[in-house]
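The lines below spell out each chain.
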Amino acid sequence: MKSALIVDDSNTARSLIRFLIEDMDDINVSEASTGFEALKSLPHQPFDIILVDINMPDINGLELIHFVKSTDRYKNIPVIIVSTESSEEDKKRGMALGAFAYVTKPFKSEELQGVVKKALNL
Amino acid sequence: MKTSKKDFIAEAEDIIESATSSLLELQASFNPDALNSLFRAIHTMKGLSGLFGFKGFSDLCHTLESLLDDLRLGRIEFNDETIGFIFSNIDLLKNLVDQVSQDKEVGDVSDAVRSIESFRDAMKSRAQASAAAPQDASLKNLSISPSILNTLSEYEEHRLKTNIKEGKIVYMVKSVFELTTFDKGIESLNSNLKSIGEVIATLPSSQGVPDGSIGFTQLFGSSSGIENVKETAQSAEVEMILPLKTVPGPADVTVKAKEVTLKSAANTVRVDIEKLDRILNTVSELVLAKGAVIRIQQELAGSYGYTPLTLDLYKISQILDRKLAELQDNILELRMVPFSQIFSRLAQVVRRHIKEVNKEIDLKIFGEDTEIDKVIAEDIIDPLIHLIRNSIDHGIEVKERRLALGKKEHGTITLKAFPKGNNVIITLQDDGAGLDIDKILHKARENKLIPENQDIDRREIINLIFLPGLSTKESVSEVSGRGIGMNIVKEKIGSLGGFVDIETEKDAGTTFTITLPITLAIIKTILIKVANEHFIIPLTSVAETFIVDPSKIQTIEGREVIEIRNKILPLLRIDRTLLLEEKPRDEYFGIVVGTGDRQLGLLVDDLLGQTEVVVKPLGEFFKNTTGVAGAAEIGKHEVVLVLDIETMMKEAFLIKNDL
């Protein structure tokens, strides 16, 4: 069974993304509402995919991507940026840091599911 | 895939609340963190409304977000005008959320969207005209590794450049924490750093740290010298990465500036208030030990008389007593800050607000040297701002009305702070219209806060303004309506162990009198006995004590009262209230609590004397227990409960209203 981590400070966004991912396949979803929470969840289980927002309190999505990509244990986990179109420049920076893809909020369900499918080789 | 609309409304309301508080913070003074969280709030709101397909809503958020993005990235100027403009749009968002929650169709917002766009354009061209686009500071000369620079978001990069441009010193602060508890560690480091500068970025890292831990590299901008930053950052490693190739300038000036910084750093020490609390705790335990020593000395003297040895013990215990009191006073003094700190922040907000409402009002401030506990000082600011705003909006009349009443054209608001015994009194007086008693009563009846036919005296009517749900749109102006409600003001003051009292007269003005304890750390209390149990009542709550002859207790409207000095005082039996065993007695003791006309007599079995205690919270398990404010140790390892007088009074007066 695959597992995913959703990092977003909006409750509603998290539950929506969770719904879409759980709808696709037998995927075990964990949530983190801040970058710090994500840092705490990472060691607990091997994640197959991470979906991350850019603008968050404490540390932002870019800093989290940098952490994931520079840590041997996590660097192979695909990271998908899910953020609104205002963060255009930041999304580019995230891709340069090694993100797998980005999805712009608001998104179509097929769009998000398509990217996740690709990242997980489903 | 429908997430319920309720979720949307709940989150949207949270977001608007956080946006409003960031705006209020910004109104007091510019703070990049507050501006960024305001941006984030609107950003999240946009994402949220987009996910729900609320088109107009997300369009409005989108344009507002672009405006805020320009602001936080320094593309347009931040000033009072922008704040006012954003406030009005947050209000609009609030209305939209209301519409959604009332199942109404979200109205057309294209006008608002256009007005934000044109405002943004105007501000942008103004910024370009005035500064010809300020030169960006180059990041190339900094000794920051590219891997860090590449991780910065656009906003963080902008803040780094701004810090450099403003001549701040940039530091790299490196810390390592255990993985399981790092959030506490980094948060406390952050709050220390923020007191002397700006945390620009926080990068977590797993490289070069032991297993089970996590490292952080933070970029930090500050005017403070490295010694000061090191002291503030405590165990974290601090490295100065000031631009290497600085503009050559007169060398001696730099040296002088450095000397000054070093000197001031040597003279003052910043201490976390928690550390002071720990010391205070130890001292209070020593006070208990001292009590035991004195008791032993007295018992020995009782059995053996004053031998040279017991006399020595007596002298020593007296010295111990005095020196401990001195130590306690000294520590408490460290926690004190002068009111000038609060008043200067208030004055800023208030002057701006006066300008906004376009009234002529003098703000007079007295007692700036009065000192109060730092913790209380921080917590009293919001309630004070709310009260002053109310005075400005509703208290002081417009010029024409004042002249017609034969009053001075200028309104006056007077804010005073002065010590009184163990308390600090703050009075806030305006010479405005006074509270409209009839209107308050009418609204209270309309909202069913009091029964239709019940008679209620003037004092009680005035106190109705503290009930939640009394204010209506009509009585809340656009500006003060953004703040907290009067019920919250009262609750906040109550939670600090204080009271608030109101005097008001039609066309003459209103005076709020807030009584606060000087400190929350150690409080003076009265030890009482009820049904063979001991309890503690904070002395700040106590007006007087008296002996009660049970035959003098009368019953009016189903509740017990007693007459003292020609005044009827309602009574509350502690044993009955706390469901303890009630034994009739020949004599009780009464404790008068509360201020003004809102007073209550507590009936207890015995008064055992005054004692100073450190109050500790009861912990998670008992957090919902009402009527108890905490617990304290009073010697011989006995722990007693501290009664929460404010809640008891509230309930007592509620019972009365229910009758």
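Predicted model, so just to flag it, every value in this text is computed and none were measured. In this numbering scheme, every chain counts its residues from 1 along its sequence in written order. Chains carry letters and ligands carry numbers; both start at the beginning, A for chains and 1 for ligands, and go up in the order they are written. A pLDDT threshold of at least 70 governs which residues receive local features in this predicted model, and a stricter bar of 80 or more applies before side-chain atom pairs are shown or counted, although totals over entire chains, interfaces and linings include all residues. Each side-chain value is worked out from all heavy atoms of the structure, with water and hydrogens disregarded.

Visitor: How should I be thinking about the packing of aromatic side chains in this particular structure?
Guide: Here the aromatic set is Phe, Tyr and Trp, taking the six-membered ring for Trp, and pairing holds for ring centres within 6.5 Å; pairs whose planes are under 30 degrees apart are stacked, those over 60 apart are edge-to-face, and all others are tilted. Scanning all chains against the criterion turns up 13 aromatic pairs over all chains. Ring geometry for Phe177(B) against Phe216(B): centres 6.3 Å apart, planes inclined by 55°, an arrangement best described as tilted. Here Phe177(B), found in strand β1 (residues 169-178), pairs with Phe216(B), found in strand β3 (residues 213-222); they are 39 residues apart in sequence, far enough to count as distant. The exposure classification of Phe177(B) matches that of Phe216(B), with both residues buried. Through pairs of rings, three or more aromatic residues link up here, namely Phe36(A), Phe177(B), Phe182(B) and Phe216(B). Counted as over-ring charges are cases with an Arg CZ or a Lys NZ within 6 Å of the ring centre that also lie within 35 degrees of the ring normal. Directly above the aromatic system of Tyr588(B) lies the positively charged group of Arg573(B), at a separation of 5.3 Å from the ring centroid. Secondary structure elements are taken from DSSP: a helix is a run of H or I of four residues or more, a strand is a run of E of two residues or more, and numbering for both begins at the N terminus. Relative accessibility under 20% of the residue-type maximum defines a buried residue, over 50% an exposed one, and the middle range a partly exposed one, all with a 1.4 Å probe and only protein chains included.

Visitor: Help me out: how do you make sense of a nonpolar patch on the surface in this one?
Guide: Together, Tyr306(B), Leu311(B) and Tyr314(B) make up an exposed nonpolar region whose accessible area comes to about 300 Å². Looking at the secondary structure, you find Leu311(B) in helix α12 (residues 308-334). A residue counts toward a patch only above 30% relative accessible area and without a salt bridge, and it is joined to like-charged neighbours within 9 Å or, for Val, Leu, Ile, Met, Phe, Trp and Tyr, to nonpolar neighbours within 5 Å. All accessible areas in this document rest on Shrake-Rupley with a 1.4 Å probe, and a residue is counted as covered only by the protein chains that are shown. Salt bridges are identified by distance alone: a Lys or Arg side-chain nitrogen within 4 Å of an Asp or Glu carboxyl oxygen.

Visitor: When you look at helix α14 (residues 374-395) of chain B in this model, what are you seeing that I'm missing?
Guide: The periodicity of an α-helix, 3.6 residues per turn, causes residues three or four places apart in sequence to face the same way. Residue and element names in this part refer to chain B. Multiplying one less than the number of residues by 1.5 Å gives the expected span of a helix. Taking 1.5 Å of rise per residue, 22 residues should cover 32 Å, and α14 covers 30 Å from first to last C-alpha, within 8% of that figure. Taking the largest bend as the criterion, α14 deviates by roughly 30°, centred on Ile380, and proline Pro383 comes between one and four positions later. What qualifies as a polar contact is a pair of N or O atoms within 3.5 Å, subject to a donor-acceptor requirement within protein and to the restriction that residues adjacent in sequence count only when both atoms come from side chains. Measuring from the backbone nitrogen of Val375 back to the side-chain oxygen at the start of α14 gives 2.9 Å, which picks out Asp373 as the cap. We define the bend at any residue as the angle between the axes fitted to the seven residues before and including it, ending there, and the seven starting there.

Visitor: What's the story with the interface of chain A and chain B in this structure? I'm lost.
Guide: How big an interface is tends to be stated in terms of the accessible area lost upon association of its parts. Should any heavy atoms of two residues lie within 4.5 Å, those residues are counted as being in contact. Between chain A and chain B, the contact holds 38 residues from the first and 40 residues from the second. Between chain A and chain B the total buried area reaches about 3,200 Å² when both faces are included, carbon and sulfur atoms providing 61% of it. Defined in terms of a 1.4 Å probe, buried area is the accessible area two parts forfeit on being brought together, summed over both. Per-residue buried area on chain A facing chain B is highest for Thr12(A), Phe36(A) and Glu63(A); these three make up 18% of the total on that side. In this structure, the connection of chain A to chain B is made through three salt bridges. Lys40(A) serves as the salt-bridge partner of Asp183(B), at 3.0 Å between the closest nitrogen and oxygen. Run the count over chain A and chain B and you get 12 residue pairs in polar contact (both at pLDDT 80 or more). Secondary structure elements with two or more residues in the side of chain A that touches chain B: α1 (11-24), α2 (35-41), α3 (61-69), β4 (79-84) and α4 (88-96) of chain A. Sorting elements by how many residues they give to the side of chain A that touches chain B places α1(A) first, with seven residues. Each residue is assigned to one class: nonpolar for Ala, Val, Leu, Ile, Met, Phe, Trp, Tyr, Cys and Pro, charged for Asp, Glu, Lys and Arg, and polar for all the others, Gly among them. Classifying every residue of the side of chain A that touches chain B gives 15 nonpolar, 14 polar and nine charged.

Visitor: Quick question: what am I supposed to make of the packing of helix α2 (residues 32-51) of chain B against helix α4 (residues 80-101) of chain B here?
Guide: The relative placement of two packed helices comes down to the angle between their axes together with the axis-to-axis distance. Residue and element names in this part refer to chain B. In this analysis an axis means a line fitted to C-alpha atoms, helices contributing only their contacting stretch, and an angle means the value between N-to-C directions, from 0 to 180 degrees. α4 packs onto α2 with a crossing angle of 30° between their chain directions and a minimal axis gap of 13 Å. In terms of their interaxial angle, α2 and α4 are classed as roughly parallel. In the packing of α2 onto α4, the handedness of the crossing is left-handed. Of α4, the residues touching α2 (which contributes Leu38, Ile42 and Met45) are Ile86, Ile90, Leu93 and Val97. Should an angle lie under 35 degrees it is considered roughly parallel, over 145 roughly antiparallel, and from 65 to 115 roughly perpendicular; all remaining angles are considered oblique. We call a crossing left-handed when the near helix sits turned anticlockwise from the far one by less than a right angle, and right-handed when that turn is clockwise.

Visitor: Is there a simple way to explain the side chain of Ser41(A) in this structure?
Guide: Residues and elements named next belong to chain A. Locating Ser41 in the fold gives a position in helix α2. Given a relative accessible area of 17%, Ser41 falls into the buried group. Here Glu37 takes part through its backbone oxygen, which lies 2.8 Å from a polar atom of the side chain of Ser41. Not counting the four nearest positions on each side in its chain, Ser41 is found in contact with Leu5, Ala32 and Phe47.

Visitor: What's the story with the environment of Ala292(B) in this structure? I'm lost.
Guide: Inspection of the secondary structure puts Ala292(B) in helix α11 (residues 273-304). Given a relative accessible area of 26%, Ala292(B) falls into the partly exposed group.

Visitor: When you look at the pattern of salt bridges in this model, what are you seeing that I'm missing?
Guide: Pairs can form between side chains of opposite charge once their charged atoms are near each other. All names here are of chain B. Within the structure shown, the criterion is met by 39 salt bridges over all chains. The residue Asp111 makes a salt bridge to Arg114 at a minimum N-O spacing of 2.8 Å. Separated by three residues within a single helix, Asp111 and Arg114 lie in helix α5 (residues 110-131), roughly one turn from each other. We note a salt bridge from Glu582 to Arg576, for which the minimum N-O separation is 3.2 Å. Residue class for Glu582 comes out partly exposed when judged on its relative accessible area of 39%. Members of the salt-bridge network, linked through shared partners, are Asp70, Arg75, Arg120, Lys124 and Glu154.

Visitor: Even after reading the chapter, I still don't get the sheet that holds β4(A), so can you show me in this structure?
Guide: Strand pairing in a sheet is mediated by backbone hydrogen bonds. Such pairs are either parallel or antiparallel. Residues and elements named next belong to chain A. Two strands pair under a simple rule: DSSP has to find at least two bridges between them. Strand order in the open sheet formed by five strands is β2-β1-β3-β4-β5, with parallel pairing between adjacent strands. A strand with exactly one partner marks an edge of an open sheet, and here the two such strands are β2 (27-32) and β5 (101-105). If you compare each strand with its neighbour and ignore which way they point, the axes differ by 20° on average. Strand direction decides the pairing type here: strand β1 (residues 2-7) and strand β3 (residues 49-52), joined by four bridges, are parallel. When the bridges of β3 are listed, Ile6 appears paired with Leu51.

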